[in-house]
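Observations on the three-dimensional arrangement
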Amino acid sequence: MILTDPRSVRRPVRGPDAVLVLEDGSAFHGTAFGAEGESFGEAVFNTGMTGYQEVLTDPSYAGQIVVMTSPHQGNYGMNHEDPESVAIQVAGFAVRESSRRASSWRSEWTLADGLSRAGVTGIEGIDTRRLTRLLRERGSMRAVVSTVDLVPESLTERVRATRGMAGADLAAGVSSASVYEGRDLVGPVTTDLGRVFRVAAYDFGMKRTILRRLAASGIEATVFPARTPSAEIASGGYDGVFLSNGPGDPAATRYGIDATRTLLGKVPVFGICLGHQLLGLALGGRTYKMPFGHRGVNQPVQNVQTGAVEITSHNHGFAVDPLGWERDADGTARSDRGRVALTHWNLNDGTLEGLRCLDVPAFSVQYHPEAAPGPHDSRYLFDEFRRLMAGGHGTRS
């Protein structure tokens, strides 16, 4: 047997020194990958074991430094087919170890190359388990990843001077600047279900896979910027309105709340994630900031109507407060637009995950039924949207 001298084994070149500092002064020293520089944002953690490219390109992560709890990231590389938007959206990225080599026939570049092209700073070699425990115990915190200033004390002061996520309106900043047709991204919509329905989709930070799932249910989307006046939508002859996911504090997204309130009762509405929160606020409810939110692909959610438990994909730090409305004895909420059924609940912490209006055609869920990344348990919701529009409530009926 020939033994190789370990000193002769070629090892990857370490990146420059880097540090991640939280607003409470906690510091995590490691090495940088991707771009050098400084990135400020809210530190949050994601429990998914795969799907880092979808996470990085999800506009809902705008303004956040994402910590991945699964220790090894980047092993299958990145490509042009899986992004959920036109660019990497996260403010920073923190992992235990970043793969130097991409082992997949679909790979076109490495994780480090992707971050570098986007000018996003990543940090590896840190104790992500300890960091995650801090965020679970103390809540999501403002943070910085830096290769420039490595002194925790000075970085802590600078982090504390930044704005938090509460009160932040970020949706318009990640939204499309102009109207476009969903078929330009996902191709023409054909279906054996019968008629192709046309919907107006508000882009508050929409993921591309949502357009794919709408198309799979025979729904063609025209995508509108976040600040589009509701009158423009109402006059467009659409069969329904879709409210997308997106970043920031829903209560600060006033234009989205106002548009949703105006459109309720005029056209069927389906909301996801931020869209769910905007619908709740448009119905006179309220939202709150969660301690550390839900981010991952393994959240159990129970459908009250069927009793089924769905394993779901999540990315949110705010939630609709189920106590925001007066409730009847059967649990139905009362809003100024009629009765509202609270339809889905998170089995881990009791968070409200879905609602359905009983007197106007509208429903929403907090999680991501398009499942990118994530399990496919909830894709039926796109078919429910189709059935809602087929009920004759649309502006074209």
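Note that the structure is a prediction, hence the values are computed from the model and not measured. (Residues numbered from 1 in each chain as written. Predicted model: local features only at pLDDT ≥ 70, side-chain atom pairs only at ≥ 80, totals over all residues. Heavy atoms only, no water.)

The next point concerns the overall build of the chain. Counting secondary structure elements, the chain contains 11 helices and 21 strands. Over its C-alpha trace the chain gives a radius of gyration of 22 Å, about what one expects of a compact globule, namely 21 Å for 397 residues. Taken along the three principal axes of its C-alpha coordinates, the chain extends 75 × 45 × 40 Å. When the 397 residues of the chain are sorted by exposure, 57% land in the buried category. At a minimum sequence separation of 6, the contacts of the chain that also span at least 24 residues come to 75%. Of the roughly 16600 Å² that the chain leaves accessible, carbon and sulfur atoms contribute 49%. Of note, the chain has its 41 positive side-chain charges centred 1 Å away from the centre of its 44 negative side-chain charges. (Helix = DSSP H or I, 4+ residues; strand = E, 2+ residues; numbered from the N terminus. Rg over C-alpha atoms; globule rule 2.2 N^0.38 Å. Buried < 20%, exposed > 50% of the residue type's maximum accessible area, 1.4 Å probe, protein only. Contact = heavy atoms within 4.5 Å. Areas by Shrake-Rupley, 256 points an atom, 1.4 Å probe, with all protein chains shown as cover. Lys, Arg positive; Asp, Glu negative; His and termini not counted. Charge placed at Lys NZ, Arg CZ, Asp CG, Glu CD.)

For the rest of this paragraph, the subject is helix α4 (residues 152-160). Of all the residues in α4, the buried ones are P152, L155, T156 and V159. Axial view of α4: buried residues confined to an arc of 105 degrees, hence all on one face. Facing away from the buried side of α4 by over 90 degrees, the exposed positions are E153 and E157. Looking at the buried residues of α4, the elements they touch are β1 (17-22), β2 (27-34), β3 (38-46) and β9 (141-146). (Arc of directions from axis to C-beta.)

Right, let's talk about the pairing of strand β21 (residues 362-365) for a bit. Here β21 shows two buried faces, one formed by A362 and S364 and the other by F363 and V365. As judged from the four bridges shared by strand β14 (residues 269-272) and β21, these two strands associate in the parallel manner. By the bridge assignment, V269 is partnered in β21 with A362. Direction of pairing for strand β20 (residues 352-357) relative to β21: antiparallel, over a ladder of three bridges. (Pairing = 2+ DSSP bridges.)

A few words on the environment of C273. Note on placement: C273 falls in the loop between β14 and α10 (274-282). In this structure, the C-alpha to C-alpha distance between C273 and I311, residues 38 residues apart in sequence, is 16 Å. Every residue in contact with C273, bar those within four places of it in the chain, is listed here: N245, N315, H316, V365, Q366, Y367 and H368.

What follows concerns the sheet that holds β1. Overall, mixed pairing links the seven strands, which are arranged β1-β2-β8-β6-β4-β3-β9 in a closed barrel. Direction aside, neighbouring strands of the sheet carry axes that sit 35 degrees apart on average. When β1 meets β2, the two strands line up antiparallel, connected through five bridges. Bridge pairing in β2 links V19 to H29. Along the sheet, helix α2 (residues 111-118) makes contact with β2, β6 (92-94) and β8 (121-124), crossing β2 at roughly 90 degrees. (Axes fitted to C-alpha atoms, helices over the stretch in contact; angles between N-to-C directions.)

The next subject is the nonpolar core. Residues Y202, F204, V241, L264, L283 and W325 are the most contacted members of the largest nonpolar core, which totals 33 residues. If you list the elements that add at least two residues to this core, you get β11 (197-203), β13 (240-243), α9 (254-263), α10, β19 (338-346) and β20. Ranked by the residues each element gives to this core, the list is headed by α10, at five residues. Counting 23 residues, the second-largest nonpolar core is a separate cluster that includes V199, L211, F363 and F385. (Core = buried A, V, L, I, M, F, W, Y, C linked by side-chain atoms within 4.5 Å.)

With that out of the way, let us pick up helix α3 (residues 128-138). Every buried residue of α3 is accounted for by T128, L131, T132, L134 and L135. For α3, the angular spread of the buried residues around the axis is 155 degrees, confining them to a single face. In α3, the exposed positions angled more than 90 degrees off the buried face are occupied by R129, R133 and E137. Between a side-chain oxygen at the N-terminus of α3 and the backbone nitrogen of R129 the separation is 3.2 Å; the capping residue is D127. (Polar contact = N/O pair within 3.5 Å; in protein donor to acceptor, adjacent residues only side chain to side chain.)

On to the pairing of strand β12 (residues 219-225). In terms of burial, β12 is largely enclosed, as seven of its seven residues are buried. Relative to β12, strand β10 (residues 180-181) runs antiparallel, the two being bridged by two bridges. The residue of β12 that forms the bridge with Y180 is V223. Where the polypeptide runs from β11 across helix α7 (residues 208-216) and back to β12, its parallel neighbour, the crossover connection is right-handed. (Right-handed = clockwise from strand over helix to strand, strands pointing away.)

Attention now goes to the packing of α9 against α10. Viewed as axis vectors pointing N to C, α9 and α10 meet at an angle of 65 degrees, and their least axial separation amounts to 8 Å. Crossing geometry of α9 relative to α10 is assigned as right-handed. Across the interface between the two elements, G256, I257, T260 and R261 from α9 touch L278, L279, L281 and A282 from α10. A breakdown of the residues in the contact of α9 with α10 according to their chemical character gives five nonpolar, two polar and one charged. (Left-handed = near helix turned anticlockwise from the far one by under 90°. Nonpolar A, V, L, I, M, F, W, Y, C, P; charged D, E, K, R; others polar.)

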